[in-house]
Amino acid sequence: MKLLILTAATGGGHIRASRAIQAYISKNSAGSEVVVVDALKSISSVLNKTVCDGYHFLATKTPKVFGQLYRKTNEESLLSTLVSRFSGAFSLKLVPLLERERPDVIISTHPFATEMISHLKWAGAVTAPLICLMTDYGPHRAWGCRPRGRLCGRERRHDL
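Report follows, based on the coordinates. (Residues numbered from 1 in each chain as written. Predicted model: local features only at pLDDT ≥ 70, side-chain atom pairs only at ≥ 80, totals over all residues. Heavy atoms only, no water.)

1. As for the overall build of the protein chain
Next, step 1: Within the protein chain one finds seven helices and six strands.
Next, step 2: Going residue by residue from the N terminus, the α and β elements of the protein chain occur as β-α-β-α-α-α-α-α-β-α-β-β-β.
Next, step 3: Within the protein chain, the proportion of its 160 residues that are buried is 41%.
Next, step 4: Contacts spanning at least 24 positions in sequence make up 62% of the contacts within the protein chain whose residues lie at least 6 apart.
Next, step 5: With the model as given, the accessible surface of the protein chain reaches about 9,500 Å², and the carbon-plus-sulfur share is 57%. (Helix = DSSP H or I, 4+ residues; strand = E, 2+ residues; numbered from the N terminus. Buried < 20%, exposed > 50% of the residue type's maximum accessible area, 1.4 Å probe, protein only. Contact = heavy atoms within 4.5 Å. Areas by Shrake-Rupley, 256 points an atom, 1.4 Å probe, with all protein chains shown as cover.)

2. Structural notes on the pairing of strand S1 (residues 2–7)
Next, step 1: Of all six residues in S1, six are buried, a share of seventy percent or more.
Next, step 2: Because side chains alternate across S1, one face comprises the buried residues Lys-2, Leu-4 and Leu-6, and the other comprises Leu-3, Ile-5 and Thr-7, equally buried.
Next, step 3: Note on the crossover from S1 through helix H1 (residues 13–28) to strand S2 (residues 33–38): the handedness is right-handed.
Next, step 4: As defined by bridge partners, S1 adjoins strand S3 (residues 105–108) across four bridges and the pair is classed as parallel. Within S3, the residue paired with Leu-3 across the bridge is Val-105. (Right-handed = clockwise from strand over helix to strand, strands pointing away. Pairing = 2+ DSSP bridges.)

3. A few points about the side chain of Lys-2
Next, step 1: Of note, Lys-2 is situated in strand S1.
Next, step 2: Residue classification places Lys-2 among the buried positions, given a relative accessible area of 15%.
Next, step 3: Side chain to side chain, Lys-2 and Glu-101 meet in a polar contact 2.7 Å long. (Polar contact = N/O pair within 3.5 Å; in protein donor to acceptor, adjacent residues only side chain to side chain.)

4. Some words on the pairing of S3
Next, step 1: Residues Val-105 and Ile-107 of S3 are buried on one face, and the alternating residues Ile-106 and Ser-108, pointing to the opposite face, are buried as well.
Next, step 2: Looking at chain direction, S3 and strand S4 (residues 130–133) are connected through three bridges and run parallel. When the sheet's bridge partners are listed, Ser-108 is paired in S4 with Cys-132.
Next, step 3: As for the winding sense of the linkage, the β-α-β connection from S3 through helix H7 (residues 111–122) to S4 is right-handed.

Here you go:
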């Protein structure tokens, strides 16, 4: 079985979670192949730098603004609609990676990757199951994109 783990370097937790999953599966599931890919880097170095540097700046220099943006994108709003549309557009850039890797299962440890794969699943471009490991402090609408999948939190699993 081939598993593709999609992550991003906005903070360290997403990548650490990906590496922990990779190590666990490699140790406990003989014959499984696990590939970890930074979704934002694979799409565009400019996008990766913009998102990661923007996140770092907002989270460390203007945490109140970051909190407001986080809350605003977690509700039905123009901003959340724009973010979703950008994710949909950028999701097409993941298609070559998915065609090259041909995963049996996709695991996401980052909400942007979750949202992008969800767009591709909705469009019928991806049929592999999507499993999301939530690494944020709490649920955010980006983690629960359609089509429904599996959301794994610290304490339990949730079917969406």
